[in-house]
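What follows is each chain in one-letter form.
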Amino acid sequence: MTDDRNGPGFPEEGEYVLTQDWPGEAERLALLEAMVDPLCRRALTAAGVRPGLRCLEFGAGSGSVARWLADRVGDPALVTATDVDLGLLGPLAAAGVTVRRHDVVVDDFPPGSFDLIHSRAVLEHLPAREAVLDRLAGWLAPDGVLVVTDCAIDTTAAVPAPVGAALQAWIEVLGITGTDYAWACGFPDPLVQRSYRDVGVEWLRPDLVGGGPVARFWALTVERLRVRIVAAGLADDAVVDAALARLADAAFVAPAPAFVATWGRRPVPGS
Ligand SMILES: C[S@@+](CC[C@H](N)C(=O)[O-])C[C@H]1O[C@@H](n2cnc3c(N)ncnc32)[C@H](O)[C@@H]1O
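Notes on the structure follow. Because the structure is a prediction, the values reported are computed rather than measured. (Residues numbered from 1 in each chain as written. Predicted model: local features only at pLDDT ≥ 70, side-chain atom pairs only at ≥ 80, totals over all residues.)

### Remarks on the site of the ligand
Alright, step 1. The full set close to the ligand counts 20 residues, and Gly 59, Gly 61, Val 104, Arg 120 and Ala 121 are the nearest of them.
Alright, step 2. It is helix 1 (residues 25-46) that contributes the most residues to the shell around the ligand, three residues altogether.
Alright, step 3. Within the shell around the ligand, the residues separate by chemical class into twelve nonpolar, three polar and five charged. (Near = placed C-beta within 6 Å. Helix = DSSP H or I, 4+ residues; strand = E, 2+ residues; numbered from the N terminus. Nonpolar A, V, L, I, M, F, W, Y, C, P; charged D, E, K, R; others polar.)

And the structure:
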C-alpha cells in the first residue's frame, strides 16, 4: 500500500485528530469513561483526594472524572475542568464545576492554583508532553498531587489479525501526529525523574471480548480513524471491515490495550 502525504485525510504532526465533531465521539468517550474511571478513582484515592482540595482536570472530554472529583471534594466550584473543546462539558458547568477553554500546551495558570491535578488520555497525544509535565508542577500548591493516566502499549503482537493489524494501524497513524502510546509504559519514571514524592503506579489490563463495551470502544476508535488509516496506507478498508466484524463477534477474545495511572506529590522546589 502507498500513502499520499498531500492527499485528503493524511494526518499532520501535532494535529489532534480525535475531535468531538465526529457523531460517535460522545459514545466513544462514554465507553472510555466506563472502562478507565475505576482505575482513575483508585489512583486519585491513593493520591489522597479529600474534601476541600482545589482540583484541575485538563483535557476533561465529557468530564466523568471531574464530576467524581466534585463529589469527593464536596464543592463543585473547587473543580476546574478544561479542554480545547467544551462541547461535552455543558452539564458539568450547569452543576457548578468551573469549565474553561484552555490549551494545556500554551495556556497558563497562576502558580500554586491547585492541590490536585489529573488528566487521562491527553498527554499521550501531545508532542510537547514533557514540556507540559515540566509546567504542571508550578500550578500545584506545595504539597499538591499530580495524577496522570494514559494508554500504555508498544505492540499489538498479542492480538490476532485482523484486529491486531487494525490496532497497529491505529497506533501508527496517531504516531504520525505525535501521539506516543509507548510513553506511559515507563510510568512512573516521568514523575520520578522530576523528583515527585510518594510516587505510586497502577495498571489496568482489560480484555477485548467481541461485542462487549471494551471491544465497542476500540471498534469506534478504529472506525473513527478509518479515513486516516487508509490515507496513510497503513491498512485498507477490507482489513478495517474485517477487524470491526471480529470486534462485534462474541467468540473473539484477546488482550486489550492497557492503561496506567501514576501519581506523586509535588517536588520540593530546588530538589
Ligand atoms: C482522548 S480524549 C480524553 C478525554 C477525557 N480526559 C477522558 O479520558 O475521558 C482527549 C481530550 O483532550 C483534549 N485535548 C487535546 N489536546 C488538548 C490540549 N492541548 N489542551 C487541552 N485539552 C486537549 C481533547 O479535546 C479531548 O477532549
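### Notes on the sheet that holds strand 4 (residues 114-120)
Alright, step 1. Taken in spatial order, the seven strands of this open sheet run 3-2-1-4-5-9-6, and their pairing is mixed. With partners counted over all chains shown, the strands left at the sheet margins are strand 3 (98-101) and strand 6 (197-204), one partner each. Averaged over all adjacent pairs, the angle separating strand axes in this sheet is 15°, with direction ignored.
Alright, step 2. Strand direction decides the pairing type here: strand 1 (residues 55-57) and strand 4, joined by three bridges, are parallel. Bridging across to strand 4, Cys 55 finds its partner in Leu 116.
Alright, step 3. In the packing of helix 4 (residues 129-139) onto the sheet, contacts are made with strand 1, strand 4 and strand 5 (140-152), and the angle to strand 5 comes to roughly 145°. (Pairing = 2+ DSSP bridges. Axes fitted to C-alpha atoms, helices over the stretch in contact; angles between N-to-C directions. Contact = placed C-beta atoms within 7 Å.)

### Observations regarding the packing of helix 1 against helix 2 (residues 64-73)
Alright, step 1. Running from N to C, helix 1 and helix 2 cross one another at 40°; their axes reach a closest spacing of 10 Å. Of the possible angle classes, the one that applies to helix 1 and helix 2 is oblique. As for the relative orientation of helix 1 and helix 2, their crossing is right-handed in sense. Facing helix 1, whose interface residues are Glu 33, Asp 37, Cys 40 and Arg 41, helix 2 presents Ser 64, Val 65 and Trp 68.
Alright, step 2. Across the contact of helix 1 with helix 2, the residue classes tally to three nonpolar, one polar and three charged. (Parallel < 35°, antiparallel > 145°, perpendicular 65-115°, else oblique. Left-handed = near helix turned anticlockwise from the far one by under 90°.)

### A closer look at the packing of helix 1 against helix 7 (residues 213-231)
Alright, step 1. Running from N to C, helix 1 and helix 7 point in directions that differ by 140°, and their axes come no closer than 9 Å. You can see that helix 1 and helix 7 cross each other, and the crossing is left-handed. Here helix 1 contributes Glu 27, Arg 28, Leu 31, Leu 32, Ala 34 and Met 35 to the contact with helix 7, which in turn contributes Pro 213, Val 214, Arg 216, Phe 217, Leu 220, Thr 221 and Arg 224.
Alright, step 2. For the contact of helix 1 with helix 7, the residue count by class is eight nonpolar, one polar and four charged.

### Digging into helix 1
Alright, step 1. The end-to-end C-alpha distance of helix 1, which contains 22 residues, comes to 30 Å, matching closely the 32 Å that a straight helix rising 1.5 Å per residue would cover.
Alright, step 2. Most pronounced at Val 36, the bend in helix 1 amounts to some 50°, and the proline Pro 38 follows within four residues.
Alright, step 3. Among all positions in helix 1, only Arg 28, Leu 29, Leu 31, Leu 32, Glu 33, Val 36, Cys 40, Ala 43 and Leu 44 are buried.
Alright, step 4. In this structure, the buried residues of helix 1 make contact with helix 2, strand 4, strand 5, strand 6, helix 7 and strand 9 (258-265).
Alright, step 5. A positive backbone phi angle near 100° is found at Gly 48, which sits one or two residues after helix 1. (Expected span 1.5 Å × (residues − 1). Bend = angle between axes of the 7 residues up to and from the residue. Buried ≥ 20, exposed ≤ 12 C-beta atoms within 10 Å, placed from the backbone.)

### Focus on the environment of Arg 100
Alright, step 1. Inspection of the secondary structure assignment puts Arg 100 in strand 3.
Alright, step 2. The exposure class of Arg 100 is partly exposed, given the 17 C-beta atoms found within 10 Å.
Alright, step 3. Between the C-alpha atom of Arg 100 and that of Thr 156, which follows or precedes it by 56 residues, the distance is 36 Å.
Alright, step 4. Not counting residues up to four positions away in its chain, the partners in contact with Arg 100 are Thr 80 and Thr 82.

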